[in-house]
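The residues making up each chain are set out below.
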Amino acid sequence: MKLAIDETRCKGCNLCTKVCPYKIFREGKKLNRKGVAVPELDRPERCTNCRLRNLYGRQLCGVCQLTCPDQAIHWIEEEPYEPHKVAIEY
Amino acid sequence: MSFEDWYRQDRLPHIYCAGCGNGTIINCTLAAVDSMGWKKEETVFVSGIGCSSRAPGYILTDSLHTTHGRALAFATGVKMAKPDLHVVVFTGDGDLAAIGGNHFIHACRRNIDMTVVCMNNQIYGMTGGQGSPTTPLKCLSSTTPYGCAEPPFDLCELATAAGANYVARWTSYHVKELEKAVKAGLETPGFSFIEALVQCPTAFGRRNKFRQVMDHVEFLKTHSLLRAKRDRLLEQGQPLPEDMFVVGELTKRNRPAMGVKR
Ligand SMILES: Cc1ncc(C[n+]2csc(CCOP(=O)(O)OP(=O)(O)O)c2C)c(N)n1
Ligand code: SF4
Ligand code: SF4
Ligand code: SF4
Ligand SMILES: [Mg+2]
């Protein structure tokens with residue numbers, strides 16, 4: 001699972017930066033097209049739900065998602081990790 | 001399924017101001033409704049007028065966005081005509097306690113089987129920040145420019161005194177607790193009332209020294225007195241802190257109810 005913020009919905013209230021126990025959300029600095037400073041994600045792979053949702057088969061933590069007043073936080077399915085063959089070119 | 005499946009995605013983003021707590025309360029309510037396993041065709045959301053009352057417009061089920069103060073009157077009608085429907089009401093402090101005050105106490109007295117979620121921002125948000133019956137003492141609003149001089153209503157005590165079967169209070173900071181309280185309300189036959197204190201940065205926060213959205217949420221967090229702690233203080237005969245409000249499940253009982261699904 002991969003954590004993501006929907007830029008078309010986020011209004012930059014920064015509530016998510018205060019509620020995550022891992023402090024994954026950090027106040028954004030750059031304004032986007034809508035004039036909103038969308039928070040940045042700091043190593044989102046630490047999120048409980050990213051790591052363990054598929055193992056437990058249910059939503060875990062999710063405090064940021066419930067708190068986000070603009071329904072902007074969600075998770076995307078990720079392809080399972082596949083080792084790639086390293087091609088060495090001479 | 002998750003609460004996201006109950007939203008009309010085509011209507012989002014909603015019109016609430018940045019940082020408005022109403023969106024959080026809708027999330028928590030929908031999460032509770034979702035966990036009940038109810039069908040969308042069997043669930044109806046009803047509201048009056050106000051920022052908070054716009055909530056049903058963003059939800060996929062059938063809904064009624066009625067007139068100011070009359071959400072409970074319309075919801076009573078729905079429940080009496082079709083007791084098999086699950087009725088959830090979104091309302092604001094002005095909608096519920098000012099113009100709709102009489103409907104509120106009588107719905108509690110009748111103990112009609114519905115769940116009412118009141119987003120209490122302690123102000124009339126939609127019309128530009130007039131004082132409401134829950135505006136705390138000394139707080140500034142456009143109709144109390146020198147500070148509110150009237151004591152506010154305690155909506156939960158009001159609901160309990162009037163006869164509601166389930167009463168709880170939480171804030172927009174306590175998302176998980178709020179979700180659980182709404183779920184308990186949905187499960188309880190009879191009238192369930194859940195008060196959610198929310199931040200309104202535009203009409204309330206701006207005038208009352210909450211410059212940042214989080215300042216108000218932090219205030220709500222630090223001024224919440226857990227019910228168990230209050231009970232302990234009372235037992236020990238100690239005074240309750242004056243500037244705090246009680247949060248938690250405040251009433252749960254089994255008075256005879258109307259309109260319960262057979
Ligand atoms: C009969 C009637 N009286 C007055 C109004 C104007 N009015 C619209 S919303 C509102 C107050 C809303 O306050 P609240 O219920 O607390 O909702 P909030 O916007 O704070 O969420 C008022 C007085 C109206 N629409 N209808
Ligand atoms: S809580 Fe939601 S709307 Fe607010 S900054 Fe975070 S992602 Fe954006
Ligand atoms: S689900 Fe919990 S741990 Fe994961 S980002 Fe949200 S608040 Fe942080
Ligand atoms: S005026 Fe207040 S209650 Fe209304 S949308 Fe804005 S912040 Fe929310
Ligand atoms: Mg209000």
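Residues numbered from 1 in each chain as written. Chains lettered and ligands numbered in written order. Predicted model: local features only at pLDDT ≥ 70, side-chain atom pairs only at ≥ 80, totals over all residues. Heavy atoms only, no water.

**Overview of the overall build of chain A**
Helix and strand counts for chain A come out as 3 helices and 4 strands. Listing the helices and strands of chain A from first to last along the sequence gives β-α-β-β-α-α-β. Over its C-alpha trace chain A gives a radius of gyration of 16 Å, far above what one expects of a compact globule, namely 12 Å for 90 residues. Dimensions of chain A along its principal axes, counting C-alpha atoms only, are 50 × 35 × 20 Å. Among the 90 residues that make up chain A, the fraction classed as buried is 42%. A total accessible area of about 6100 Å² is found for chain A, and carbon and sulfur atoms account for 54% of it. (Helix = DSSP H or I, 4+ residues; strand = E, 2+ residues; numbered from the N terminus. Rg over C-alpha atoms; globule rule 2.2 N^0.38 Å. Buried < 20%, exposed > 50% of the residue type's maximum accessible area, 1.4 Å probe, protein only. Areas by Shrake-Rupley, 256 points an atom, 1.4 Å probe, with all protein chains shown as cover.)

**Thoughts on the site of ligand 4**
Ligand 4 sits among B:Y16, B:C17, B:C20, B:N22, B:C51, B:N121, B:G125, B:C200, B:P201 and B:T202. A breakdown of the residues in the shell around ligand 4 according to their chemical character gives 6 nonpolar, 4 polar and no charged. (Near = heavy atom within 4 Å. Nonpolar A, V, L, I, M, F, W, Y, C, P; charged D, E, K, R; others polar.)

**Here's the deal with the environment of A:K30**
Residues and elements named next belong to chain A. Mapped onto the fold, K30 is located in the loop between β2 (25–26) and β3 (40–41). Relative accessible area serves as the criterion here: at 71%, K30 is assigned to the exposed category. Once the C-alpha coordinates of K30 and R53 are considered, the two residues, 23 residues apart in sequence, prove to be 31 Å apart. Apart from the residues lying within four places of it in its own chain, the contact partners of K30 are V36, A37 and V38. (Contact = heavy atoms within 4.5 Å.)

**Side note on the interface of chain B and chain A**
If you look at the interface, chain B gives 25 residues, while chain A gives 18 residues. Here chain B packs against chain A, burying approximately 1700 Å² in sum over the two surfaces, 60% of which is carbon and sulfur. On the chain B side of the interface with chain A, the three residues burying the most area are B:P13, B:K176 and B:M214, jointly 26% of the side's total. Counting across the chain B and chain A interface gives 14 residue pairs in polar contact (both at pLDDT 80 or more). (Buried area = accessible area lost by both parts, 1.4 Å probe. Polar contact = N/O pair within 3.5 Å; in protein donor to acceptor, adjacent residues only side chain to side chain.)

**Some details on the nonpolar core**
Residues and elements named next belong to chain B. Grouped together as the largest cluster of nonpolar side chains are 39 residues, with contacts concentrated most on I26, L30, F45, F90 and L178. If we ignore the near neighbours within four places in the chain, the residues touching L30 are F3, W6, Y7, F45 and I59. Membership of the second largest hydrophobic core comes to 25 residues, among which are A75, V87, V167 and F191. (Core = buried A, V, L, I, M, F, W, Y, C linked by side-chain atoms within 4.5 Å.)

**Section: the site of ligand 1**
Residues and elements named next belong to chain B. Taken together, 16 residues are adjacent to ligand 1, and C51, S52, D93, D95 and G125 come closest. A distance of 2.9 Å separates an oxygen atom of ligand 1 from a polar atom in the backbone of G94. Within the contact set of ligand 1, an oxygen atom lies 3.0 Å away from a backbone nitrogen or oxygen of I123. Taken by itself ligand 1 offers 600 Å² of open surface, and the protein chains cover 72% of this. With 3 residues, helix α3 (residues 93–98) is the largest single contributor of residues to the shell around ligand 1. Classifying every residue of the shell around ligand 1 gives 6 nonpolar, 8 polar and 2 charged.

**Some thoughts on the layout of surface pockets**
Its volume calculated, the largest pocket comes out at about 1100 Å³. Every residue lining the largest pocket is counted, 38 residues in all, and those nearest its centre are B:P152, B:E242, B:D243, B:M244 and B:F245. At the level of secondary structure, the elements contributing two or more residues to the lining of the largest pocket comprise α5 (155–162), β6 (191–197), α7 (213–222) and β8 (245–252) of chain B. In terms of residue class, the lining of the largest pocket is made up of 20 nonpolar, 8 polar and 10 charged. Here the second largest pocket defines a volume of roughly 320 Å³. Taken together, the elements giving at least two residues each to the lining of the second largest pocket come down to α2 (48–56) and α3 (63–67) of chain A together with α1 (22–35) and α6 (175–187) of chain B. (1 Å grid on protein atoms, 1.4 Å probe; cavity = no way out; pocket = protein on both sides within 12 Å on 5 of 7 lines; lining within 4 Å. Points joined across faces, edges and corners; volume = space filled by probe spheres on them.)

**Observations concerning helix α4 (residues 101–110) of chain B**
Residues and elements named next belong to chain B. Considered for burial, the residues of α4 that qualify are G101, F104, A107 and C108. Down the axis of α4, the smallest arc covering the buried residues is 135°, so these residues share one side. The inward-facing, buried residues of α4 abut α2 (71–81), α3, α5 and β6. One or two residues past the end of α4 sits N111, with phi positive at roughly 60°. (Arc of directions from axis to C-beta.)

**Concerning α2(A)**
All names here are of chain A. Turning to α2, its buried residues number three or more, namely T48, N49 and C50. Along the axis of α2, the buried residues cluster in a sector spanning 160°; they form a single face. When the buried face of α2 is taken as reference, the exposed residues oriented beyond 90 degrees from it are N54 and L55. Along its buried surface, α2 packs onto β1 (2–5) and β4 (73–76). Backbone geometry just downstream of α2 places G57 in the positive-phi region, at approximately 70°.

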